[in-house]
Amino acid sequence: MQVDAPQVLFKNRHLGRPATFDEYRAGGGYEALYATIGKRTPHDVLDIVLASDLRGRGGAGFPAGRKWQGIPADYVGPRYVVVNTDEMEPGTFKDRVLVNVDPHLVIEGIILCAYAVSATLGVCFIRPSYEADAVLLERETQVAREKGLLGKNILGTDFSFDIHVHRSAGRYICGEASAQIKAISGLRPNPRKGGPRTSVKGLWDCPTIVNNLETLANLPGIVKNGADWFKSLARTPGSAGTKLFSVSGRIAKPDCYELPMGIPLREILFTHAGGMPPGRTIKAVIPGGASTPFMPEKLLDLPMDFDSMKKAGQRLGTASIMVFDQNTCLVGATLNLIEFFTRESCGWCTPCREGLPYVRHLLRLIESGEGKEEHIGMIRDMAKVMQSAYCAFAPGAAEPILSLLTHFEAEVREHLHQHQCPFGNPPPALHGKACGTRPVAFGPTPCPEDQCPI
């Protein structure tokens with residue numbers, strides 16, 4: 001039985017298509033903007049966002065207002081807003097749904113953020129496979145321009161701001177804020193560690209706020225209705241607002257759901273997503289996208305908010321839930337994720353560049369029935385080494401590996417004992433042969449047949 005939940009971001013989803021400008025206005029859209037531009041100071045908007053406890057919806061959960069405060073108050077010059085719509089992590093599709101429900105909600109949120117930080121240009125960074133979404137945003141930003149809500153002297157004030165849609169070259173690492181800044185600038189998109197934050201020195205060395213698209217879409221409601229209203233939407237103390245939960249995998253009704261922050265995972269799956277298909281039972285769930293740990297069924301009553309998940313040794317991440325049933329081989333599932341992470345590594349640091357192919361090779365051996373007892377310890381050790389990588393990419397990739405060995409080591413060992421996948425999966429292809437030039441310490445890693453990465 002479906003239980004009603006407040007629909008703030010998805011209030012126009014019943015239309016079954018992107019809401020038009022007029023439809024958005026009819027439902028109260030742009031009221032926050034009209035009540036703000038020229039009537040409130042940028043600092044007033046910042047204070048509202050700080051009081052609301054809005055935290056980033058892109059995975060890290062950093063308070064949005066505190067990030068905005070990072071821009072030096074005495075800085076004179078251009079400031080930018082970058083809207084992260086890269087969304088290339090497996091299992092994550094909430095931003096695409098949101099853009100196609102209410103593009104003007106997104107646009108209004110971007111403008112409000114820009115006003116609060118005195119930015120002159122916004123850049124929507126969109127993955128290449130979201131071409132239809134890029135076209136949609138370009139079309140609707142033009143509508144907003146024609147209505148006087150973008151461009152020079154918005155609403156007759158001295159505030160000028162515009163939005164540009166930037167198509168990504170298509171690498172997962174470009175979703176990391178500093179790498180995204182470099183990608184837009186035409187530089188190699190490896191993350192930047194140390195030195196000034198992007199709020200101090202970002203796009204073209206100017207202060208830049210990088211926020212996830214869902215984060216900014218919350219701003220019209222917060223600015224219009226106030227911080228206390230936003231906090232009241234959540235289920236758990238210390239959390240605020242609603243959250244978009246992408247639910248996929250072995251579940252009756254895979255979809256993207258807007259539900260209160262802090263709702264228990266079990267309620268998401270069995271009340272809203274319809275539970276398991278007939279004859280299926282839950283074995284594990286990845287709660288927040290591919291870079292978060294496997295959760296066994298016993299943990300499903302955890303509240304889905306940043307702090308509750310962290311206390312339990314889990315991560316909310318993007319709240320992109322992937323469900324695995326009793327017939328799923330979790331070694332094969334982990335291998336599939338590591339294949340992705342190996343391919344998408346920028347190759348900047350050794351723990352990531354070398355560690356991911358090494359773990360992939362060992363998982364391939366185990367899944368193919370050629371694994372040995374010592375491989376389990378080798379995988380665990382390398383996953384721990386990956387946690388000391390240059391950026392958060394490799395530590396995120398290590399999460400499903402370590403949780404596999406923590407909660408499902410017996411299943412890994414079953415592969416060793418049976419010398420095959422106990423779920424009947426065909427052996428993964430072990431392409432190429434051991435690389436003779438790689439240092440022995442990193443083990444025999446298979447190379448593609450036509451090239452060697454060394």
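Here goes a summary of the coordinates provided. (Residues numbered from 1 in each chain as written. Predicted model: local features only at pLDDT ≥ 70, side-chain atom pairs only at ≥ 80, totals over all residues. Heavy atoms only, no water.)

Focus on the pairing of strand S1 (residues 80–85)
Most of S1 sits out of view: six of its six residues are buried. What you see with S1 is no split at all: Tyr-80, Val-82 and Asn-84 on one side and Val-81, Val-83 and Thr-85 on the other are buried throughout. Here S1 pairs with strand S2 (residues 121–126) via six bridges, running parallel. Pairing of Thr-85 across the sheet is with Ile-126, part of S2. Pairing of S1 with strand S4 (residues 208–212), which is carried by five bridges, proceeds in the parallel orientation. Bridge pairing links Asn-84 to Asn-212 in S4. (Buried < 20%, exposed > 50% of the residue type's maximum accessible area, 1.4 Å probe, protein only. Helix = DSSP H or I, 4+ residues; strand = E, 2+ residues; numbered from the N terminus. Pairing = 2+ DSSP bridges.)

Description of the pairing of strand S7 (residues 282–286)
For S7, the buried fraction is high: five of the five residues fall into the buried class. Across four bridges, S7 lies against strand S9 (residues 320–325) in antiparallel orientation. Across the sheet, the residue bridging to Val-285 is Val-323, located in S9. Where S7 meets strand S8 (residues 295–296), two bridges bridge the pair, whose relative direction is antiparallel. Paired with Val-285 across the bridge in S8 is Met-295.

Digging into the sheet that holds S4
In spatial order, the strands read S3-S2-S1-S4; together these four strands make up an open sheet with parallel pairing. This sheet does not close on itself; its edge strands, each paired only once, are strand S3 (162–167) and S4. Averaged over all pairs of adjacent strands, the angle between their axes in this sheet comes to 20°, without regard to strand direction. Together, S1, S2, S3 and S4 form the strand contacts of helix H8 (residues 177–185), whose direction differs from that of S1 by roughly 110°. (Axes fitted to C-alpha atoms, helices over the stretch in contact; angles between N-to-C directions. Contact = heavy atoms within 4.5 Å.)

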